[in-house]
Amino acid sequence: MRKIRWGILATGGIAATFTEDLLTMPDAEVLAVGSRSVEAARRFADRYDIPRAYGSWAELAADADLDVVYVATPHSAHHAAAAACLDAGRAVLVEKPAALSAPQAEDLVARARSAGVLFVEAMWTRTLPAVRELTARIAAGDIGTPRVVSADFGLTGQFVPTHRLRDPALGGGALLDLGVYPVAFAQLVLGEPATVTATGTRTAEGVDETVGLLLSHDSGAVATLTCSIVADTPRVAAVSGDAGRIELDRGFFAPHGFRLYRGDQVEQVAAAPSGRGYVHEAAEVMRCLRTGETESALLPLADTLAVLRTLDAARAQLGVRYPAE
């Protein structure tokens, strides 16, 4: 089986982690890396023994030997970087959220479909074994009809105003970096909500700091979600149905399993990820490339857009807008 040849666009922490997982996969080859400076690209290439290093996104996108490019820039550059690759005819796996807003993501989807190439958002949680088992159990009726979802993701640290979590120019704030996980998890189970109610606080720079969300559905189901860049929350999640519930421990977005409750019975379900967890989304992308699919059924673009519509609605209620929108 021919190896799938990857290009890595950006050289930060998530690019390094993803590359390290790719290097464990016998059917993947990391062929090139691109950055805004050739020096940064060469340092990254030397670190991981990558044959080609480019000092611009355009040069990386133009490399016809690449099967797919992984975009790992800050949120604010997702659209420009992914668009450059799609317009050059490259398949793209772009970090989440796929863009700053739903309209930006819709533009990327249109470019991908016009070029006839694969476009996938790197919502890696959905590809993990435990989450796939969770959705299978829910679909099988193990907890009845889901009625309530809860999830949170908050952290705290010494984030200076220019840090990506606080800088509006980089798409800062809790929602796009952390809140995307609870929202995506809730919508994986319940679908896109009918109404979004958001409350919260903003930083001095004008990005969302702590956010509470209530997502309401026509079925009567609700999701209560929180995210924060100033509070170390439990980072847990639960799905409650009319016949049972599922609970995920701290780090629900990268679970090694879950507990399924039905009355007094408790089942511990174990399903650990491989590597750092990114091999599963990479494997799905490579499967799609080998079968000629231009969209992943596991990571559908409709869900990418639906999550961003929810995040857009929340940001609008909080008064958060980015310069790049």
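Just so you know, these numbers come straight off a predicted model, no measurement behind them. (Residues numbered from 1 in each chain as written. Predicted model: local features only at pLDDT ≥ 70, side-chain atom pairs only at ≥ 80, totals over all residues. Heavy atoms only, no water.)

*Asks:* I'd like a description of the pairing of strand β9 (residues 208-216), backed by residues and values.
*Replies:* Here strand β8 (residues 195-202) pairs with β9 via eight bridges, running antiparallel. Each residue of the ladder has a partner; that of Arg-202, found in β9, is Asp-208. Between the end of β8 and the start of β9, which pair antiparallel, lie five residues, with Gly-206 showing a positive phi angle near 100 degrees. In this structure, β9 lies alongside strand β10 (residues 222-228), joined through seven bridges in antiparallel fashion. Across the sheet, the residue bridging to Leu-215 is Ala-223, located in β10. Hairpin connection, β9 to β10: the antiparallel pair is bridged by five residues, and Gly-220 has positive phi, about 100 degrees. (Pairing = 2+ DSSP bridges. Helix = DSSP H or I, 4+ residues; strand = E, 2+ residues; numbered from the N terminus.)

*Asks:* Summarise the sheet that holds strand β4 (residues 68-71); cite the residues concerned and give the values.
*Replies:* If you walk across this open sheet you meet the six strands as β3-β2-β1-β4-β5-β6, and the pairing is parallel. Edge strands, defined here as strands with exactly one partner in the open sheet, are β3 (52-54) and β6 (119-122). Pairwise comparison of adjacent strand axes, ignoring direction, gives a mean angle of 25 degrees for this sheet. Of the strand pairs in this sheet, strand β1 (residues 4-9) and strand β2 (residues 28-34) are connected by six bridges, and their pairing is parallel. Among the inter-strand pairings, Gly-7 is bridged to a residue of β2, identified as Ala-32. Set on the sheet, helix α2 (residues 38-48) makes contact with β1, β2 and β3; between it and β3 the angle comes to about 155 degrees. Strands β1, β2, β4, β5 (91-95) and β6 of the sheet are contacted by helix α8 (residues 279-291), whose axis makes an angle of about 125 degrees with β1. (Axes fitted to C-alpha atoms, helices over the stretch in contact; angles between N-to-C directions. Contact = heavy atoms within 4.5 Å.)

*Asks:* Mind laying out the packing of aromatic side chains, listing which residues take part and the relevant values?
*Replies:* Throughout the structure, instances matching the rule amount to 10 aromatic pairs. Between Tyr-181 and Phe-253, the aromatic rings sit 5.2 Å apart at their centres with planes inclined by 40 degrees, giving tilted as the arrangement. Of the two residues, Tyr-181 sits in helix α7 (residues 174-190) while Phe-253 sits in the loop between β12 (245-248) and β13 (257-262), which places them 72 residues apart along the sequence. The two residues Tyr-181 and Phe-253 agree in class, both being buried. (Phe/Tyr/Trp six-rings, centres within 6.5 Å; stacked < 30°, edge-to-face > 60°. Buried < 20%, exposed > 50% of the residue type's maximum accessible area, 1.4 Å probe, protein only.)

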